[in-house]
Amino acid sequence: METVVVTAERINEYAGLHPGQVEVMGLEDIQQRNILSVEEVLNNMAGVDVQKSSGTGSRISIRGSAKGGGALLVLINGRPMNSSQYGGVELSTIPIDIVETITVFKPPVPVWLGPGGSDGAICIVTRNSATGWDETKKSVTRIRGAAGSYGRVESGVSQRIQNEQGATMIVAEGMHRDGKQINSDGNSGSLAANWDKQLGDGMPTVEFGIRYYGSRYGSPGPVDNPTPDARQSYRKASVDGRMKGFRGDGGEYSYSLYGDYIDLEDDSQSGMISTLENTKAGFKAENSWMSDDWNLRINGIVEREDVDHTLSGQHHRLTGGLGAQTDRILDDLVMTMGLRGDYTTDFDINPGASWGLNYEMADRWTVKLGAGYSVNIPTFGQLYQPSHGSIDQARGNPDLEEENIWSFDTAIKYQQDKSRQLQLSFFRSDTKDSIVYQRGEDLIYRPLNANRSWRHGVEVTAKYETELGITADADIIIQDSEIEDTDKELPYTPRIKVKLTLFYVLEGLGTKLETTLRYRSKQYSEAENIEAQNIDDYVTTDLKATQPFAIKSVAVEWFVTIQNLFDVDYHIHYGYPDDGFRLLTGLNMTF
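What counts as what
Starting afresh in each chain, residues are numbered from 1 along the sequence in its written order. Per-residue local features are limited, in this predicted model, to residues with pLDDT of at least 70; the limit for side-chain atom pairs, both in listing and counting, is 80 or more; totals at the level of whole chains, interfaces and linings are taken over all residues. Excluded from the side-chain calculation are hydrogens and water; included are all heavy atoms of the structure. Numbered from the N terminus, helices here are DSSP runs of H or I no shorter than four residues, and strands are runs of E no shorter than two. The quantity called the radius of gyration is restricted to C-alpha atoms. Its globule counterpart is 2.2 Å times the number of residues to the power 0.38. Three labels apply to residues, based on accessible area from a 1.4 Å probe with only protein chains included: buried if under 20% of the type maximum, exposed if over 50%, partly exposed otherwise in between. The criterion used for residue contact is that any of the two residues' heavy atoms lie within 4.5 Å. The charge count includes Lys and Arg as positive and Asp and Glu as negative, but it does not include His or the ends of the chains. Throughout, a charge is located at the NZ atom of Lys, the CZ atom of Arg, the CG atom of Asp or the CD atom of Glu. Here, a strand pair is defined by DSSP locating no fewer than two bridges between the strands. pLDDT gives the predictor's per-residue confidence on a scale running from 0 to 100. Think of a patch as exposed residues, more than 30% relative accessible area, with no salt bridge, where like charges cluster within 9 Å and nonpolar side chains (Val, Leu, Ile, Met, Phe, Trp, Tyr) cluster within 5 Å. Each accessible area value is a Shrake-Rupley result obtained with a 1.4 Å probe; residue values ignore everything except the protein chains displayed when judging cover. A pairing counts as a salt bridge when a side-chain nitrogen of Lys or Arg comes within 4 Å of a carboxyl oxygen of Asp or Glu. Stacked, tilted and edge-to-face pairs are distinguished by plane angle, under 30 degrees for stacked and over 60 for edge-to-face with tilted covering the rest, among Phe, Tyr and Trp rings (Trp via its six-membered ring) whose centres lie within 6.5 Å. For the purposes of this section, nonpolar cores are sets of buried Ala, Val, Leu, Ile, Met, Phe, Trp, Tyr and Cys residues that join through side-chain atoms within 4.5 Å.

Caption draft 1: Structural detail: the overall build of the protein chain. Looking only at helices and strands, one finds 4 helices and 33 strands in the protein chain. Taking 2.2 N^0.38 as the reference for a compact globule, 591 residues should give roughly 25 Å; the C-alpha atoms of the protein chain span a radius of gyration of 23 Å, in line with that estimate. In terms of principal-axis extent, the alpha carbons of the protein chain reach across some 65 × 55 × 45 Å. When the 591 residues of the protein chain are sorted by exposure, 54% land in the buried category. Expressed as a percentage of contacts within the protein chain between residues at least 6 apart in sequence, the contacts between residues at least 24 apart total 61%. Considering the protein chain, the positive charge centre built from 57 side chains and the negative charge centre built from 84 side chains are found 3 Å apart.

So, in structure tokens, the structure goes:
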């Protein structure tokens, strides 16, 4: 069996070998389907849904869960992007043009990825000099412009230059929207640059990257507690440096230094102005040794975060952790086991473990088993004061305890080829001291620990390409959940979620047509399951058409995207209605 290396070039191979449930989308699919953002990539992956908030951040759901906080691990080139203040990640800070692959690990997540990840992990790999090059060109420039409903205007430009044994890429983007709801307008802009170079034959490769993102937007609040004058400004700057290479036969290493700086200003409805500064610096080392029948991965991480918030004061968190995972490969059987330990200055030592088995029991049939244990540390936003959504809507709870989560997964997969496959997965998670939110009579959300909660269900994923060339992707999740203290359902955990996508390329014209149908059953917005504050079930339909053509040597794509085709009235979060039918059209030009 060929040695498996977890890089952009071989991530599909690893996904097939890994005992857990892994979804991958690479550069070819991103460009083929004219996907314009990281959020859109994730929304097109089986079992993953992203609901954009009115301001900063998104609610990301993997396999029907949407706990938020630090339960979802997000990595870029192996280093964590999560903030101890927010837990989650502002995905808009990552321009789509720098992305090579996005891989989603459904729980239980292998511990070698890092601490956290009880609800899953998202691994983003950026483009480098080794990937996606037309050898006849030394540079490639891409320009995008688009306009659409509710005053939305966006543009972007990127240039990629091939250097000797390396490459440089620069990306700039900007967006304005008026929004449908009062005070839902916003402006944002980003700038990113990546540089990499191999130092010589047999020598390591050095990478350096910077990213900046800034936005100013309204914070409208829910319909029953509107904040028509509340505003937020958000700025984030990131610096990354990495050295990677090979050691001997089958050895590989990667050492990363990184830092983030977040600055936020919150103008509340009451007129109070609060500010937040969040700085993070970290170092991560990864080493692996691989052979035909054994793989070993060892990693270590050290991070320090400091937060200075007008309302909650100064807080800091120092984190250090070590993890190891070994894989045993025996013909049709792969077994994996991992252990890690992580220390934080405010929650001491927390262990993690993962185990998995992948067995090809017959031609085209595979069985996968997995189990894992992880600890979810409360974020500073949960403990003290959220900065997201403004003080008008939420508070913290300094008495929160960490969550302890056991995850289990069993799957059987039939794969005729890459375009025809079917998988049935059974999953369960059990959480001690689960962090849930209650909404008080003052309409303010506050977190608390429930004694125990659980969630289990079944996921069916299917892919089929007809003889006519129509590709159909389906994902169905049926689940149940309970907070044992109250016999209530977990918030934002619908019993049924369905996603169906059809994709077709018109022969001769090359026109790409795509439609996606989504269904979510009723769900609750808080732990008490108050009927007056539930989110009703809904069905939405999206359409996309892309027509490629050329103007001399310039490759051009004209695209039209329609979201919520039938103008369905539903809420993305309780009290936050969707904007309804909206259209976006524009051009991509590459030369």
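Caption draft 2: Geometry of the sheet that holds strand 1 (residues 22–26). Pairing is mixed in the open sheet, where 5 strands are placed in the order 1-6-7-4-5. Looking at which strands have only one partner, the edges of the open sheet turn out to be strand 1 and strand 5 (79–80). Bridge count between strand 1 and strand 6 (residues 99–105): 5 bridges; the pairing is antiparallel. Opposite Met 25, over in strand 6, you have Ile 102 as the bridge partner.

Caption draft 3: Looking closely at the pairing of strand 33 (residues 582–590). Bridge count for strand 8 (residues 139–148) against strand 33 is 7 bridges, and the pairing is antiparallel. Residue pairing across strands places Arg 142 opposite Thr 590, the latter belonging to strand 33. As defined by bridge partners, strand 30 (residues 554–563) adjoins strand 33 across 9 bridges and the pair is classed as antiparallel. Of the residues in strand 33, the one forming a bridge with Ile 562 is Leu 583.

Caption draft 4: Examining the confidence of the model for the protein chain more closely. In the predicted model, the protein chain carries a mean pLDDT of 89, and 92% of its residues have values of at least 70. This model gives residues 1–11 a pLDDT under 50, and the stretch forms 31 contacts once residues within four places in sequence are excluded.

Caption draft 5: Representation of unusual backbone geometry in the model. Cis peptide bonds are those with omega within 30 degrees of zero, and the linkage from Pro 107 to Pro 108 qualifies with 5°. Relative to the helices and strands, Pro 108 resides in the loop between strand 6 and strand 7 (121–126). A positive phi angle, near 55°, is found at Asp 567, a position not held by glycine. Mapped onto the secondary structure, Asp 567 falls in the loop between strand 30 and strand 31 (571–573). For Asp 567, a relative accessible area of 44% translates into the label partly exposed.

Caption draft 6: The arrangement of a nonpolar patch on the surface in detail. A surface patch of nonpolar side chains, amounting to about 520 Å² of accessible area, comprises Tyr 359, Met 361, Trp 365, Ile 412, Leu 424 and Phe 426. Mapped onto the nonpolar patch, the elements with two or more residues apiece are strand 19 (348–362) and strand 22 (420–439). Mapped onto the secondary structure, Phe 426 falls in strand 22. The class for Phe 426 is partly exposed, based on a relative accessible area of 46%.

Caption draft 7: Layout of the environment of Asp 308. Position of Asp 308 relative to the elements: it lies in strand 16 (residues 294–309). Measuring from C-alpha to C-alpha, the distance between Asp 308 and Asp 263 comes to 9.8 Å, with 45 residues separating the pair along the chain. Setting aside residues no more than four positions away along its own chain, Asp 308 makes contact with Thr 275, Leu 276, Glu 277, Gly 313 and Gln 314.

Caption draft 8: Region of interest: the packing of aromatic side chains. The final tally for this structure, using the stated rule, is 7 aromatic pairs. Taken together, a centroid distance of 5.0 Å and an interplanar angle of 50° make the contact between Tyr 373 and Trp 406 tilted. Linking Tyr 373 in strand 20 (residues 365–376) with Trp 406 in strand 21 (residues 403–417), this pair joins segments that are 33 residues apart in sequence. Judged by relative accessible area, which is 17%, Tyr 373 ranks as buried. The exposure class assigned to Trp 406 is partly exposed, which follows from its relative accessible area of 44%. On the numbers, 6.0 Å between centres and 40° between planes, the contact of Phe 380 with Tyr 384 is tilted.

Caption draft 9: Molecular detail of the pattern of salt bridges. This structure, assessed with the given rule, holds 40 salt bridges. Among the salt bridges present, the one from Lys 106 reaches Glu 23, with a minimum N-O distance of 3.4 Å. Of this pair, Lys 106 sits in the loop between strand 6 and strand 7 while Glu 23 sits in strand 1; the two residues are 83 residues apart in sequence, bridging distant segments of the chain. Both residues of the pair, Lys 106 and Glu 23, belong to the buried class. In this structure, Arg 235 and Asp 263 form a salt bridge, with 2.1 Å as the shortest nitrogen-oxygen distance. Taken together, the positions of Arg 235 in strand 13 (residues 231–247) and Asp 263 in strand 14 (residues 251–267) put the pair 28 residues apart, joining distant regions of the chain. By relative accessible area, which is 37% here, Arg 235 ends up partly exposed. Sharing partners across several salt bridges, the network here consists of Arg 79, Arg 211, Asp 240, Asp 260, Lys 280 and Glu 303.

Caption draft 10: Spatial organisation of the nonpolar core. Counting residues in hydrophobic clusters, the biggest one holds 27 residues, and the most contacted among them are Val 38, Leu 42, Val 99, Ile 102, Ile 122 and Ile 124. Of all the secondary structure elements, the ones that give two or more residues to this core are helix 3 (38–43), strand 2 (48–52), strand 3 (58–62), strand 4 (73–76), strand 6, strand 7 and strand 10 (166–177). Discounting chain neighbours no more than four positions away, the residues touching Ile 124 are Val 38, Val 74, Leu 75, Ile 76, Asn 77, Ile 94, Val 99, Thr 101 and Ile 102. One finds Tyr 217, Leu 264, Phe 347 and Tyr 373 within the second-largest nonpolar core, a separate group that totals 16 residues.

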